[in-house]
Amino acid sequence: METINFANWKKNLINDSNNYNSPICVQYELTARCNLDCKMCYVHNQNSNKLKDQELSTEQWKAIMDDAFNNGMMFATLTGGECLLRHDFKELYLHLWKKGVYITILSNGILIDDELAELLKQHQPEKVRISIYGSTEEGYRNVTGHTGRDRAMNGVKMLRDAGINVQVNVTGSSYIAPDYINTLCYIKEQGFNPLLSELALIPKRNDPESAEHYMKPDDVVSLAHERNRLFRKVYPPCTDLPKIGGDCKKPCSFGMTCNAGRSMAVVCWDGRMMPCASLPSWDGPSLKEMSFADAWKITVEQAKKIVQPAECEGCAYKKACPKCVVMRAEDLYSGHCNSDVCELTKRLVAAGVKKLDKPQENDEDEFEH
Ligand SMILES: C[S@@+](CC[C@H](N)C(=O)[O-])C[C@H]1O[C@@H](n2cnc3c(N)ncnc32)[C@H](O)[C@@H]1O
Ligand code: SF4
Ligand code: SF4
């Protein structure tokens, strides 16, 4: 009998669900509050502690989770802000777990203690992904405004020792750039393989135009080259560079090419539904006002209106370029790509970081930011 591993089984299920618009993956942003203040964070902002009363209650979250489950949810991600700050985190986690849902937790790790590790040991999640924001306490503070590197790494180790599938992530930003490679090496020295995700950031929801938190293109090229040299592989530099962009005469295609709004929904901390957490500003339906099924129908239709950049069709760099339309497009409806992204992709290919004919292996699942 042919056997299939979990990752491939999940991928196949998601691909099938994309064809039927079945919301098999749901991300729950339980809160916008956080115990850190990362300057680049797309959810948390300085005022979010004052917004606590706009968060959904325990009973509201449970009702949404029940509704999502009845509509086909099999994979749930609990995130924030810092989801472990919710007083009812364990209750909500167990509510999902008892339904047999595969659960991923995204956390900064600071609040992990013996009690939580024991609960997760007894009720295993699919995985826990912890972000580490610096190789030293000083570097950590430059990104997050607080110390916490040691507490976060202790959290990672507590989970590992409890037998939990734990992953360690480093998010690239201008603030971590000088410490980025050291942070990857620190994680490796502690006995973990860091996830190597795209170095491009997604826009902050409350300030989509701000650009100071993005890494500079020179840094992206040199840091991606160095991290690939240390942790993955670099290709020979490419000198015979083709022109960018395909045949723009074809009509643009509409809709997402990833899972967003096809098999994945995000329920934001205030109850709005979005196809994906990466979208800058989004007028999504509110689950405070309608059922999950109705909000999902609207979300699917909204996602179908996003326009894929015309230039990307047939472009020689398509495989080397970020898959995410939010990262590639000038904006969601212009139908054109962002020329800065094209230029950066070309530089990454020239430097041997990416290959024209090979999609970049990306450790980060498409549906989890
Ligand atoms: C919003 S956080 C919530 C979970 C948790 N507090 C943490 O920091 O891991 C989820 C993930 O998004 C990343 N992130 C934050 N701001 C981002 C941005 N502007 N672009 C891309 N990723 C970002 C974080 O580093 C983290 O890996
Ligand atoms: S720890 Fe996570 S949620 Fe908190 S500010 Fe940083 S990225 Fe945002
Ligand atoms: S965004 Fe990427 S795929 Fe699209 S035209 Fe530019 S280089 Fe090509």
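Look up: the structure comes first, before these words.
Note that the structure is predicted; figures quoted are calculated from it, not measured.

Turning our eyes to something else, we now look at the overall build of the protein chain. Looking only at helices and strands, one finds eleven helices and eight strands in the protein chain. At 20 Å, the protein chain has a C-alpha radius of gyration in line with the 21 Å of a compact globule built from 369 residues. Over its C-alpha atoms, taken along the principal directions, the protein chain stretches across nearly 55 × 55 × 45 Å. When burial is assessed residue by residue, the protein chain has 43% of its 369 residues classed as buried.

Moving on, we get to the nonpolar core. Counting 98 residues, the largest nonpolar core has V26, A76, L78, L159, V266 and V267 as its most contacted members. For L78, the residues in contact, after removing those within four places along its chain, are Y28, L30, C83, Y93, I103 and I105.

Turning to the packing of helix α7 (residues 180-189) against helix α8 (residues 217-231), a few remarks are in order. The geometry of α7 relative to α8 is characterised by a closest axis approach of 10 Å and an angle of 20° between their N-to-C directions. On the basis of the axis angle, α7 is roughly parallel to α8. Note that α7 runs across α8; the crossing there is right-handed. For the pair α7 and α8, contact is made by Y180, I181 and L184 and by L223, E226, R227 and F231, respectively.

All right, on to the site of ligand 2 then. In the region of ligand 2, the neighbouring residues are C34, L36, D37, C38, C41, V43, H44, G80, G81, E82, N108 and T144. When the residues that make up the shell around ligand 2 are grouped by side-chain class, the tally is five nonpolar, five polar and two charged.

Moving on, we come to the sheet that holds strand β8 (residues 273-274). Pairing is mixed across the open sheet formed by eight strands, whose spatial order is β6-β5-β4-β3-β2-β1-β7-β8. Only two strands of the sheet have a single neighbouring strand rather than two, namely β6 (194-195) and β8. Where strand β3 (residues 102-107) lies against strand β4 (residues 127-131), four bridges are found, and the strand directions are parallel. Looking at the pairing, L106 lines up with R129 of β4.

Let's shift gears to α8. If you check α8, its first and last C-alpha atoms are 21 Å apart, about what 15 residues at 1.5 Å a residue would give, namely 21 Å. Taken together, the buried positions of α8 are V220, L223, A224 and R227. One side of α8 carries all its buried residues, which in axial view fall inside an arc of 105°. The elements touched by buried residues of α8 are α7 and α11 (339-350).

The next point concerns helix α9 (residues 292-304). End to end, α9 covers 18 Å across 13 residues, agreeing with the expected 18 Å (1.5 Å per residue, within 8%). In this fold, the buried residues of α9 make contact with α2 (58-70), β7 (264-267) and β8.

On to the site of ligand 3. Near ligand 3, the surroundings consist of 14 residues, among which C312, C315, C321, C337 and C342 are the closest. Sorting elements by how many residues they give to the shell around ligand 3 places α11 first, with three residues. Its residues assigned to classes, the shell around ligand 3 shows nine nonpolar, two polar and three charged.

Another aspect to go through is unusual backbone geometry. For the bond running from G80 to G81, omega is 25°, close enough to zero to count as cis. Inspection of the secondary structure puts G81 in the loop between β2 (75-79) and α3 (89-97). The phi torsion at N21 lies on the positive side, around 50°, for a residue other than glycine. Note that N21 resides in the loop between α1 (6-20) and β1 (25-29).

In this sheet, strand β5 (residues 166-169) lies alongside β4 in parallel orientation, the contact comprising four bridges. Within the sheet, the bridge partner assigned to R129 lies in β5 and is Q167. Summarising the sheet, β5 and β6 pair through two bridges and their orientation is parallel. The partner of N169 across the bridge, within β6, is L195.

This paragraph deals with the environment of L78. When you line up the elements, L78 lands in strand β2. Accessibility expressed as a C-beta count within 10 Å gives 23 for L78, which makes it buried. Distance in space between the C-alpha atoms of L78 and Y28 is 5.1 Å, their sequence separation being 50 residues.

Attention now moves to the packing of α2 against α3. At their nearest, the axes of α2 and α3 sit 10 Å apart, and the two run at 20° to each other. Judged by the angle between their axes, α2 and α3 are roughly parallel. The two elements α2 and α3 cross, and the hand of that crossing is right-handed. Here α2 contributes T58, W61, K62 and M65 to the contact with α3, which in turn contributes E91, L92, H95 and L96. Its residues assigned to classes, the contact of α2 with α3 shows four nonpolar, two polar and two charged.

Attention now goes to the pairing of β1. Burial of β1 is extensive: five of the five residues sit out of reach of the surface. Residues C25, Q27 and E29 line one face of β1 and the alternating positions V26 and Y28 line the opposite face, and both faces are buried. Where β1 meets β2, five bridges bridge the pair, whose relative direction is parallel. Within β2, the residue paired with E29 across the bridge is T79. Taken together, the four bridges between β1 and β7 define a ladder with parallel strand orientation. Residue pairing across strands places V26 opposite A265, the latter belonging to β7.

Definitions and cut-offs
By convention here, each chain's residues receive numbers from 1 onward along its written sequence. Whichever chain is written first becomes A and whichever ligand is written first becomes 1, with later ones labelled in order. Confidence filtering applies because this is a predicted model: local features only for residues at pLDDT of at least 70, side-chain atom pairs given and counted only at 80 or more, and all residues used for totals across whole chains, interfaces and linings. For the purposes of this entry, the term helix denotes a DSSP run of H or I that reaches at least four residues, the term strand denotes a run of E that reaches at least two, and both are numbered from the N terminus. The atom set for the radius of gyration is the C-alpha atoms, and the globule formula is 2.2 Å times the number of residues raised to the power 0.38. Our exposure labels follow a C-beta count within 10 Å of each residue's own C-beta, placed from the backbone: buried means 20 or more other C-beta atoms, exposed means 12 or fewer, and partly exposed covers the counts in between. A set of buried residues drawn from Ala, Val, Leu, Ile, Met, Phe, Trp, Tyr and Cys, joined through C-beta atoms within 7 Å, is what defines a nonpolar core. For the purpose of contact definition, each residue receives a C-beta atom placed from its backbone, and two residues are in contact when these atoms lie within 7 Å. The axes are straight lines fitted to the C-alpha atoms, using for helices just the contacting stretch, and the angles between their N-to-C directions are given from 0 to 180°. Angle categories: roughly parallel below 35 degrees, roughly antiparallel above 145, roughly perpendicular from 65 to 115, and oblique for all the rest. Here a crossing is called left-handed whenever its near helix is offset anticlockwise from the far helix by less than a right angle, and right-handed whenever the offset is clockwise. Any residue whose C-beta atom, as set from the backbone, lies within 6 Å of a molecule or strand is reported as near that molecule or strand. Charged means Asp, Glu, Lys or Arg here, nonpolar means Ala, Val, Leu, Ile, Met, Phe, Trp, Tyr, Cys or Pro, and polar covers whatever is left, Gly included. Note: two strands are recorded as paired if DSSP finds a minimum of 2 bridges between them. Expected span, for any helix, means 1.5 Å times one less than how many residues it has. Think of it as the arc spanned by the lines of direction from the helix axis to the C-beta atoms.

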